Amino acid sequence: MRNVHRSLRNYVLYFTTLTLIVALMYAFMSLSFSQDIQSLAENISLLTKGLVLLSVVVALISAFVTTYAMDFIFVQRKKEFATYLLMGMESRTIVRLFLGESAVIGAAAFLCGTALGTIFSGLFAKMAMDVFDVPYAFQLRFSGASMALSFLLFLLMYGVGLVRSTAVIKRTAIIQLLYDHVKNEAYTGRSLRWYAVYLLSSVGMIVLGGVLVRSVVTESSSIAVPILLLGSACILLGVYAFYRRFPELFVELMGRNKGHVYRDANLFTLGELRSRVNSSGRMLAVTALLFTFSLAAMFLGLVTGAGYKANIQAEYPYDVAVAIDAVVADFHEVLEFIGAESPVKDFVSYYLYHDPSVPMEILALSDYNRLREQLGLEKQSLAENQYLIHCEWAHQKKIKQALAADGRITLSETQLVSHAGLVFSEPMEQARMVGTQGRAMVVPDQVAFSLEAELSRLVVTLADGGEPALRGELNRFIRNEWKPLVLSAPSQRVTMSVSVKAWGKANSLAGFSALSFCGLYLSIVFIVLSCTVLGFEQLASVVRSRRAYSIIGRLGVTDVERKRLILRDLAVFFLIPAVLPCSLLLLLARGSHKVFAAYIAQPSTIPIYTAVTLFVFAVLYGLYFAGAYFVFSRSVLGTEG
């Protein structure tokens, strides 16, 4: 216990990271085992099973960082362990000592993480319920199953680090323990031209990756997935390559500005920064790579989930919709079945018509207005020689251009005209209920009724909105029990589909909630682990920095000025790996907004969740920076005299 207290500063970041990882694992697995969450939708297992699987992945990834942290603590205490060995203590006793300390820290971190995770689980449960628009009051609930599984994963994560550390302690010689900390740093000087060529090549790789990703988004391709993976790999490899040498160039350029270097204590700061960059170049590159992945995963997860929720009304505008790709006499028996399950407020039964001269389905104006009435939309009117187009937003531009060129058509020997003002795109399910290709032509009734009916449709508005279970029951009835009178069919096999808004919203949101929560989970864990490694890299230079800051203290630099120098030194080091990932996130957000904003019912979704992503990153990064500064400054300045 005395050793734990003495080494407390070294354990602060380590303890904080373990606590946060346990808290996140416990909180997200609590969602998996929550009965309230499991009852939200039939396919909610996409979320629950995904979180459990992701927790295993998180434990495996965290095991490597735990090993890194234990190696750091071991390095900080090499001289102490060497002293014990010289005094006659056996190595197995030192191993037991180290294991005992680690067990105390691990147990405390697990208990604190579980307590914090209980709070997080309540917040995450509230977030999940809000996604499904289910009223839910914040409450603290302890989950024994989540704690048991979290403990098993914690043992896996923690055990890997302990096994490796004990093996290192056993095989390390006393002379290595005594003198490893005085090794000279390797430094290789390079010309500015070399740096320019190298960095331009890495930027070119990032740009190439962006072009490949953009080509997949804007143009359909049979090999879209391989191109997307290749583009993402190019971006990540470019970020790694850029950061592998950019910090060196940054320090080199700072050193060439003599007027700035020799002002105040900038020369000292430059020396400290150069030492860190020389010893941590690869770590900075890996950290920047992880930040890029984490920010992209969080942004895409949040925007995808929020965007789809905003568009859910467009996907399922009607309480009940039945589509039969044939002409049936009526839907009387279907309406009776629905009415027995849930009270029917109103319904529209109609046909979609066909004419060989028109490349889309045709709808009668009266049926079109009845559909608009179900959705609370204003009715439209047409002159006897007019028609209108109802289409998805993506088709609007081309259709308006075509109408501007020539808006005349002839149906049943009647010439009709239209213009850009008669193009509408409210969400009415244009890919199934109002057309099958994302568009339909609406004509006066007398024209439509003179055409050949091709498809049958039924839309029902329920008094209470209906329950998700209605979809399965109605589907079974239509396919197994209903025997409609088919007047005509395009083929011998009649296809049909059933949608129920209550079922569709719940199950669609389940899939996209899985993307949102899994993306949030993985990205936060990666940010936490990356910040931990970055913090330990700072603390690894405590011995050398303590000597350097002690020297300038004896030269007359006050404690306040030295703390300011430490703050500036750490701020620059922490800022370097975050600049490019945040810049790439803004580029990703800008491109996404340009391409997808028009398809999202709430145009501000992408800007809002870009800000949310940056805010979450800034909070986590700021907390770790504050912790690293506190521990580093106390370690460097707090032991003098």
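Up top is the structure.
Below is a short write-up of the structure. Computed from a predicted model, the values in this text were never measured in an experiment.

1. A few points about the overall build of the chain
Stage number 1. Helix and strand counts for the chain come out as 21 helices and 12 strands.
Stage number 2. Computed over C-alpha atoms, the radius of gyration of the chain comes to 32 Å, more than 25% over the 26 Å expected from 2.2 N^0.38 for 641 residues, which places it beyond the range of a compact globule.
Stage number 3. With respect to the three principal axes, the spread of C-alpha positions in the chain is 105 × 60 × 40 Å.
Stage number 4. With 641 residues in all, the chain has 49% of them scored as buried.

2. Thoughts on helix α10 (residues 224–256)
Stage number 1. Over its 33 residues, α10 extends 47 Å from the first C-alpha to the last, a length consistent with the 48 Å expected when each residue adds 1.5 Å.
Stage number 2. The largest bend in α10 is about 35°, located at Phe246, with the proline Pro247 one to four residues further on.

3. So, the pattern of salt bridges
Stage number 1. Summed over all chains, the structure comprises 10 salt bridges.
Stage number 2. Residues Arg372 and Glu426 are paired through a salt bridge, measuring 2.9 Å at the closest nitrogen-oxygen approach. Of this pair, Arg372 sits in helix α14 (residues 365–374) while Glu426 sits in the loop between β8 (423–424) and β9 (439–443), placing them 54 residues apart in sequence.
Stage number 3. Arg372 sits in the buried class, given a relative accessible area of 1%.
Stage number 4. Through salt bridges with shared partners, one network takes in Asp346, Arg370 and Glu373.

4. So, the packing of aromatic side chains
Stage number 1. Using the criterion set out here, one finds 24 aromatic pairs in the structure.
Stage number 2. Pairing Phe110 with Phe151 gives two aromatic rings, centres 5.3 Å apart and planes at 70°, and the pair type is edge-to-face. Taken together, the residues span a long stretch of sequence, with Phe110 in helix α6 (residues 91–131) and Phe151 in helix α7 (residues 144–171) at a distance of 41 residues.
Stage number 3. Note on Phe154 and Tyr158: the rings are 5.1 Å apart at their centroids and 15° apart in plane angle, and the pair reads as stacked. Residue Phe154 and its partner Tyr158 are located together in helix α7, separated by four residues, close to a single helical turn. Pair check on accessibility: Phe154 and Tyr158 agree, each one buried.
Stage number 4. Put simply, the rings of Tyr14, Phe110, Phe151, Phe154 and Tyr158 touch in pairs and so form one group of aromatic residues.
Stage number 5. Arg372 extends its terminal NZ or CZ atom over the ring of Phe424, reaching a point 5.7 Å from the ring centre.
Stage number 6. Directly above the aromatic system of Trp503 lies the positively charged group of Arg471, at a separation of 4.1 Å from the ring centroid.

5. Side note on the pairing of strand β4 (residues 361–364)
Stage number 1. Of the two faces of β4, both are covered, the one formed by Glu361 and Leu363 as well as the one formed by Ile362 and Ala364.
Stage number 2. Sheet analysis places β4 next to β9, joined by four bridges and oriented parallel. Across the sheet, residue Leu363 finds its bridge partner in β9, namely Val442.

6. Topic: the environment of Asn369
Stage number 1. Mapping Asn369 onto the fold places it in helix α14.
Stage number 2. Residues Asn369 and Val442, spaced 73 residues apart in sequence, show a C-alpha to C-alpha distance of 9.8 Å.
Stage number 3. A distance of 2.8 Å separates the side chain of Asn369 from the backbone nitrogen of Gln380, its partner in a polar contact.

7. Details of the nonpolar core
Stage number 1. By size, the foremost hydrophobic cluster in this structure holds 105 residues, and its most contacted members are Tyr14 and Tyr521.
Stage number 2. By residue number, the principal contributor to this core is helix α18 (residues 501–539), which donates 19 residues.
Stage number 3. Discounting chain neighbours no more than four positions away, the residues touching Tyr14 are Thr66, Ala69, Met70, Ile73, Ile105, Tyr158 and Phe536.
Stage number 4. Core analysis: the second largest hydrophobic core is formed by 22 residues, Val334, Phe337, Leu458 and Trp503 among them.

8. Concerning a nonpolar patch on the surface
Stage number 1. On the surface, Val56, Leu60, Leu156 and Val160 cluster together into a nonpolar patch covering about 280 Å² of accessible area.
Stage number 2. If you list the elements that add at least two residues to the nonpolar patch, you get α4 (45–76) and α7.
Stage number 3. Look at Val56 and you get partly exposed, because its relative accessible area is 33%.

9. A word on the pairing of strand β10 (residues 452–462)
Stage number 1. By the criterion of burial, β10 is predominantly enclosed, with nine of the 11 residues buried.
Stage number 2. Both strand β1 (residues 320–324) and β10 contribute to a ladder of five bridges, which runs antiparallel. When the bridges of β10 are listed, Val322 appears paired with Leu458.

10. Thoughts on the packing of α4 against α7
Stage number 1. Put simply, α4 and α7 touch, their axes get as near as 8 Å, and they point 30° apart. Relative to α7, the element α4 is oriented roughly parallel. At the point where α4 passes α7, the crossing takes the right-handed sense. On α7, the residues touching Val52, Ser55, Val56, Ala59, Leu60, Ser62, Ala63, Thr66, Thr67, Met70, Asp71 and Phe74 of α4 are Leu149, Leu153, Leu156, Met157, Tyr158, Val160, Gly161, Leu162, Arg164, Ser165, Val168 and Ile169.
Stage number 2. By residue class, the composition of the contact of α4 with α7 is 16 nonpolar, six polar and two charged.

What counts as what
Residues numbered from 1 in each chain as written. Predicted model: local features only at pLDDT ≥ 70, side-chain atom pairs only at ≥ 80, totals over all residues. Heavy atoms only, no water. Helix = DSSP H or I, 4+ residues; strand = E, 2+ residues; numbered from the N terminus. Rg over C-alpha atoms; globule rule 2.2 N^0.38 Å. Buried < 20%, exposed > 50% of the residue type's maximum accessible area, 1.4 Å probe, protein only. Expected span 1.5 Å × (residues − 1). Bend = angle between axes of the 7 residues up to and from the residue. Salt bridge = Lys/Arg side-chain N within 4 Å of Asp/Glu carboxyl O. Phe/Tyr/Trp six-rings, centres within 6.5 Å; stacked < 30°, edge-to-face > 60°. Lys NZ or Arg CZ within 6 Å of the ring centre and 35° of its normal. Pairing = 2+ DSSP bridges. Polar contact = N/O pair within 3.5 Å; in protein donor to acceptor, adjacent residues only side chain to side chain. Core = buried A, V, L, I, M, F, W, Y, C linked by side-chain atoms within 4.5 Å. Contact = heavy atoms within 4.5 Å. Patch = residues over 30% accessible without salt bridge, like charges linked within 9 Å, V, L, I, M, F, W, Y side chains within 5 Å. Areas by Shrake-Rupley, 256 points an atom, 1.4 Å probe, with all protein chains shown as cover. Axes fitted to C-alpha atoms, helices over the stretch in contact; angles between N-to-C directions. Parallel < 35°, antiparallel > 145°, perpendicular 65-115°, else oblique. Left-handed = near helix turned anticlockwise from the far one by under 90°. Nonpolar A, V, L, I, M, F, W, Y, C, P; charged D, E, K, R; others polar.

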